[in-house]
Amino acid sequence: MCSRDYNFGSESKLLIFDSLFFIFRPKFSITSYRKFTMRRLLYLLPLILTTFAFSASLPAQVFDTAYIAAMKYRSIGPYRGGRSAAVTGVPGKPDLYYFGSTGGGVWRTQDGGNTWENISDGYFGGSVGAVAVAESDENVIYVGGGEKTVRGNVSSGYGMYKSVDAGKTWDHIGLEDSRHISRVRIHPKNPDIVYVAAMGNLYKPNDQRGIFKSTDGGETWQKKLFVSDEVGAVDLCFDPTNPRIMYASTWRIRRTPYSLSSGGQGSGLWKSTDSGETWEELTQNKGLPKDTIGIIGVAVAPNNPDRIWAIIESKTGGVFRSDDAGSTWEKLNDDRSLRHRAWYYSRIYADSQNDDVVYVMNVSYHKSTDGGKTFVSANAPHGDHHDLWIAPEDNQRMVIGDDGGAQVSYDGGTNWSTYFNQPTAQFYRVTVDNSFPYRIYAAQQDNSTIRVRHRTSGSSIGEEDWEASAGCECGHIAIDPLNNDIVYGGCYDGVIQRLNHRIDQSREVGVWPDNPMGHGVEDMKYRFQWNFPIFFSPHQKDKLYTASNHLHVSYDQGNTWTIISPDLTRNDTSKQGSSGGPITQDNTSVEYYCTIFAAAESPRVKDLIWVGSDDGLVHLTRDGGQNWSEVTPKGMPEWIMINSIEPDPHLDGGCYVAATKYKSGDFRPYIYRTTDYGETWTQIVTGIDDEHFTRVVRSDPNQDGILYAGTETGMYISFDHGKLWSPFQLNLPIVPITDLIVKDENLVVATQGRSIWIIDDLTPLYQLEQARDQASFLFAPKPTYRMKGGQAKDLKTRGENHPAGVMTYYYISESVPDSSEIKLKYFDSEGQLIRTFASSNEKEDKLEFKKGCNLFVWDLLYPPAEK
């Protein structure tokens, strides 16, 4: 039997922090560390390993995930909930609740909201618009994909899903083209009879919308109420005393990249008395508005089924009540606070015990105890309330869904559980600084920005490890390269905040001192989108850029700004009007159009700047803005949004562009590459699913040819500059990917619905060419830092910390005999053995392994002293 030491030589280095500095030197600097050169040895019997060399690239056609199966994404949080528009409880089960996240799948609590767990991972994910549990069998759960809350970052779903074992396993049961399912109702006595209210495609006409019914548990569906291919169903409820009687509302809703339109022909209120087989329109009945109607919410009083409530969007809208099962109506309240941004809310709920108590969801939630005449407002821990479930046997027990996730109350809303236990945050752009450990910065939808260390000196990452940073919910963030405590963050309509974390000093440094919230973009001096770029030059550390329809630059920390470009958009004035009609206007800068949406300066070439607009143009300057050239890829669809631009870190004239057109109803991926300063472009999307539209593409700065693409439905990787893509999902849940950044051989992933994830060591990807076809292979570990901290397991309300050690990957093929002994030895720079881990050891220093890819983490400690 032969053996051979596998030596990576003196070029492999470990950077190790002396832990004594942390204990006895509280003022130590980042330069105060001890640097050791170490050799790593994998000692294999009876295997012979070949030596290793870095490869230029790996042909994508040979990419085999078996070699990297031990790699994983690490969820760091924050555990601060994102938007939810679908909640439910279970009658008679006071601690059991479910909610659907808008981006993050389905979640369950079994302890009254103290902790939540995802129950859809491994089966489906993404945006959830409806969750329902069968009253007659709590093991049967139906879920509809696609949120009803159709704000600017709205995500579609993937149809209907069903579980018959309380969420352990799931089956897809159709209606995948419905896109947005806002209600699912299950017959109270028969779990195989289920109804679906489908809004349909938000961006273009389609037929899979309206009210659908299944009598065989979702195996087949029949369309029972259909108005037109531009009008879907948005609300649906039973008469609790008679499931043959149902009420539904239909809604004409349309989004484009530059507008939101809520209401119009086809919006209405409906009733069925024959289990949904036929429907009668109630919209023209006495007492209801006769002008243009938009979204409608409807509810029935459980102990008085003739009492029906509706909240109606119209110029003469408000809260209406019928006391004769919908035949006639009376308007009781038209308070604007109940109808604010009607398209985003407009839900109404009857109390389960008292027919004079009714709730309306809006920025606050509102409660009436006099049958809907007057309301008192209240708030759960987070505002912007979207859904409510009240236990039929106990009207004090409820669960609410809002822009902070789901919260539970046992006292009628006086007290609620926290939303700081749900990793469902929706993030926009992500960036990092150069501190140690480096910090991650991102803006959370409907919350603050954050900065959080990617690893901590504790055993997990909790609320104490992150803080709010500059800007607000929607913006880009830029960190001063000369001082990591000075941060610039964007907010609505061009507002830029400069925040000095060290002294807690803040000031506004935007290009133009104006915040025209509520007004269209047509009269603005500069057109700043909701998510406008802010970034520093990689070559001049005092040079700060931002972008409206022009590119602006500041050399004095935002005190003054200079325009360095003409208008780099199509400047189509027909797409610059006020948004939100025909009933309610809505202008938050989300729909501001003809703006620069992505921009970047080449990390290789000073003054080489690429700019992309949200209306489909790409421009380039090679002299810092003195001259500009349009270099839009030929054949790229007009009016497409350039969502991200990535100058090639390995080629002067290279650049990658990721674009989306989903708000025009086109869900295809669009990624382009140029190698000649935009003279020619190649579309590079082979291998990406036809409906996985691409939000971001990044080039690995450490390895030429490796690209990462974040799509609406997950991650992809390419090893050949995008000629061929492969899924790179690993353990990452199905969730929209909004941004990516590579830092220190780490991949940081921002998601829209599952917070932030990290791959801690990308180096196995760089070595796949050498691992291919080997019976066994040791991947060279990355440089490692020793510091306090570790990785706790079974976390429920906190992010996962770095494993704190040398992450050592190795591969054992199926051809290796089961009787083989595997040893892993670590040596110091002088060749002295530090520690041996072996599969033959009984307890201490035992090496556990399996066939395939393995990860072993050495904690950088010598053997303990003998006791």
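Residues numbered from 1 in each chain as written. Predicted model: local features only at pLDDT ≥ 70, side-chain atom pairs only at ≥ 80, totals over all residues. Heavy atoms only, no water.

Colleague: What is the right way to look at the overall build of the chain in this model?
Modeller: When helices and strands are counted, the chain shows three helices and 67 strands. Against the 2.2 N^0.38 benchmark of 29 Å for 867 residues, the chain shows a C-alpha radius of gyration of 29 Å, consistent with a compact globule. When its C-alpha atoms are laid out on the principal axes, the chain stretches across 90 × 70 × 50 Å. Counting all 867 residues of the chain, 65% fall into the buried class. (Helix = DSSP H or I, 4+ residues; strand = E, 2+ residues; numbered from the N terminus. Rg over C-alpha atoms; globule rule 2.2 N^0.38 Å. Buried < 20%, exposed > 50% of the residue type's maximum accessible area, 1.4 Å probe, protein only.)

Colleague: What should I look at first to understand the nonpolar core in this one?
Modeller: Nonpolar side chains in soluble globular proteins tend to be buried together. Tyr73, Tyr708, Met715, Phe728, Leu747 and Leu765 are the most contacted members of the largest nonpolar core, which totals 33 residues. Among the secondary structure elements, those contributing two or more residues to this core are strand S57 (714–718), strand S59 (737–743), strand S60 (746–751), strand S61 (756–759), helix H2 (763–766), helix H3 (768–771) and strand S64 (806–812). (Core = buried A, V, L, I, M, F, W, Y, C linked by side-chain atoms within 4.5 Å.)

Colleague: What am I meant to see in the packing of aromatic side chains here?
Modeller: Aromatic rings considered in pairs are described by the distance between their centres and by the relative angle of their planes. Within the structure shown, the criterion is met by 31 aromatic pairs. Summarising the aromatic geometry, the rings of Tyr826 and Trp858 are spaced 4.5 Å apart at their centres and angled 25° between planes, so their arrangement reads as stacked. A residue pair is termed long-range when its members are at least 10 positions apart, and Tyr826 in strand S65 (residues 821–827) and Trp858 in strand S67 (residues 852–858) qualify at 32 residues. Judged by relative accessible area, Tyr826 falls into the buried class, the value being 2%. Judged by its relative accessible area of 1%, Trp858 is buried. Aromatic ring contacts, followed pair by pair, group Tyr203, Tyr662, Phe667 and Phe693 into a single cluster. Looking at Arg179, its charged tip hangs above the ring of Phe667, at a distance of 4.1 Å from the centre. (Phe/Tyr/Trp six-rings, centres within 6.5 Å; stacked < 30°, edge-to-face > 60°. Lys NZ or Arg CZ within 6 Å of the ring centre and 35° of its normal.)

Colleague: What exactly am I supposed to notice about the pairing of strand S48 (residues 609–613) here?
Modeller: Successive side chains on a regular strand alternate, one facing one side of the sheet and the next facing the other. With five of its five residues buried, S48 lies for the most part within the structure. Side chains of S48 alternate between two faces, with Ile609, Val611 and Ser613 and Trp610 and Gly612 buried alike. Relative to S48, strand S47 (residues 596–601) runs antiparallel, the two sharing five bridges. Each bridged residue has a counterpart across the sheet, and for Ile596 the counterpart in S48 is Ser613. Bridging between S48 and strand S49 (residues 618–621) involves four bridges; their strand directions are antiparallel. Directly across from Val611, in S49, lies its bridge partner His619. Where S48 folds back on S49, the antiparallel hairpin that results is connected by four residues, among which Gly616 adopts a positive phi of roughly 95°. (Pairing = 2+ DSSP bridges.)

Colleague: So what exactly am I meant to see when it comes to the pattern of salt bridges here?
Modeller: One side chain can pair with another of opposite charge once the charged atoms of both are near each other. The final tally for this structure, using the stated rule, is 41 salt bridges. Where Glu147 meets Arg83, a salt bridge forms, and the shortest distance between an N and an O atom there is 2.9 Å. Here Arg83 lies in the loop between strand S4 (73–77) and strand S5 (84–90) and Glu147 lies in the loop between strand S10 (141–145) and strand S11 (160–163), a separation of 64 residues in the sequence. Both residues of the pair, Glu147 and Arg83, count as buried. Each of Asp433, Arg439, Arg451, Glu467 and Asp485 takes part in one network of salt bridges that share partners. (Salt bridge = Lys/Arg side-chain N within 4 Å of Asp/Glu carboxyl O.)

Colleague: Is there a simple way to think about the sheet that holds strand S14 (residues 194–198) in this case?
Modeller: Strand pairing in a sheet takes place through backbone hydrogen bonds and is either antiparallel or parallel in direction. Pairing in this open sheet of four strands is antiparallel, and the strands run S13-S14-S15-S16 from one edge to the other. The two strands at the open ends of the sheet, each matched to only one other strand, are strand S13 (181–186) and strand S16 (222–225). The mean angle between the axes of side-by-side strands here comes to 25°, regardless of whether they run parallel or antiparallel. Where S13 and S14 come together, five bridges link them in antiparallel fashion. Along S14, the bridge assignment pairs Val184 with Val196. (Axes fitted to C-alpha atoms, helices over the stretch in contact; angles between N-to-C directions.)

Colleague: How should I be thinking about the state of the cysteines in this particular structure?
Modeller: Here a disulfide denotes a covalent bond joining the sulfur atom of one cysteine to the sulfur atom of another. What the rule picks out here adds up to one disulfide. A sulfur-sulfur separation of 1.9 Å characterises the disulfide bridge that pairs Cys472 with Cys491. The chirality of the disulfide connecting Cys472 with Cys491 is right-handed, given an S-S dihedral of about 105°. With Cys472 in the loop between strand S37 (466–467) and strand S38 (477–479) and Cys491 in the loop between strand S39 (486–490) and strand S40 (496–500), this pair connects stretches of sequence that are 19 residues apart. (Disulfide = S-S within 2.5 Å.)

Colleague: Teacher, can you tell me more about the side chain of Ser267 here?
Modeller: Of note, Ser267 is situated in the loop between strand S19 (259–262) and strand S20 (268–272). For Ser267, a relative accessible area of 7% translates into the label buried. Only 3.3 Å separates the side chain of Ser267 from the backbone oxygen of Ile293, close enough to count as a polar contact. (Polar contact = N/O pair within 3.5 Å; in protein donor to acceptor, adjacent residues only side chain to side chain.)

Colleague: Help me understand the sheet that holds strand S43 (residues 544–547), please; the structure alone is not making it clear to me.
Modeller: Pairing within the open sheet is antiparallel, and its four strands lie in the order S42-S43-S44-S45. Only two strands of the sheet have a single neighbouring strand rather than two, namely strand S42 (534–536) and strand S45 (562–563). In the sheet, S43 pairs with strand S44 (residues 551–554) via four bridges, with the strands oriented antiparallel. The residue of S44 that forms the bridge with Ala547 is Leu551.

Colleague: I keep staring at the pairing of S67 and nothing clicks. Help me out?
Modeller: Burial of S67 is extensive: five of the seven residues sit out of reach of the surface. Strand direction decides the pairing type here: S64 and S67, joined by seven bridges, are antiparallel. Paired with Val806 across the strands is Trp858, a residue of S67.

Colleague: What should I look at first to understand the environment of Gly471 in this one?
Modeller: Inspection of the secondary structure assignment puts Gly471 in the loop between S37 and S38. By relative accessible area, which is 18% here, Gly471 ends up buried. Distance from Gly471 to Gln585, taken between C-alpha atoms, is 25 Å for residues 114 residues apart in sequence. Residues within four places of Gly471 in sequence aside, it is in contact with Thr449, Gly489, Gly490 and Gln497. (Contact = heavy atoms within 4.5 Å.)

Colleague: Just to check I follow, could you spell out the side chain of Thr102 for this structure?
Modeller: Of note, Thr102 is situated in strand S6 (residues 93–103). Exposure remark for Thr102: the relative accessible area of 0% places this residue in the buried category. Dropping the residues within four chain positions of it, Thr102 is found in contact with Arg83, Ser84, Ala85, Ser127, Val128, Glu147, Thr149, Gln426, Gln752 and Gly753.

Colleague: Is there a simple way to explain the confidence of the model for the chain in this structure?
Modeller: Any region with low pLDDT has predicted coordinates that should not be read closely. Of all residues in the chain, 93% attain a pLDDT of 70 or more, and the chain-wide mean is 92. This stretch, residues 1–61, has a pLDDT under 50; its non-local contacts, to residues over four places away or in other chains, come to 151 contacts. (pLDDT = per-residue confidence, 0-100.)

Colleague: Can you walk me through unusual backbone geometry in this structure?
Modeller: Peptide bonds are, in most cases, trans, and in most cases residues other than glycine have a negative phi. For the bond running from Gly77 to Pro78, omega is 5°, close enough to zero to count as cis. On the secondary structure map, Pro78 appears in the loop between S4 and S5. The step from Phe436 to Pro437 runs through a cis peptide bond, and the omega angle for that step is -15°. Within the fold, Pro437 resides in the loop between strand S33 (427–432) and strand S34 (439–444). Although it is not a glycine, Arg341 adopts a positive phi angle of roughly 45°. Mapped onto the elements of the fold, Arg341 is located in the loop between strand S25 (330–333) and strand S26 (347–350). Among the residues examined, Arg341 registers a relative accessible area of 17% and is labelled buried.

Colleague: I tried to follow the environment of Ile141 on my own but got confused; where do I start?
Modeller: Here Ile141 lies in strand S10. By relative accessible area, which is 0% here, Ile141 ends up buried. For the pair Ile141 and Ser101, spaced 40 residues apart in the sequence, the C-alpha separation amounts to 16 Å. Excluding anything up to four places from it in sequence, Ile141 contacts Tyr98, Val131, Ala132, Val133, Tyr161, Lys162, Ser163, Ala166, Gly167 and Trp170.

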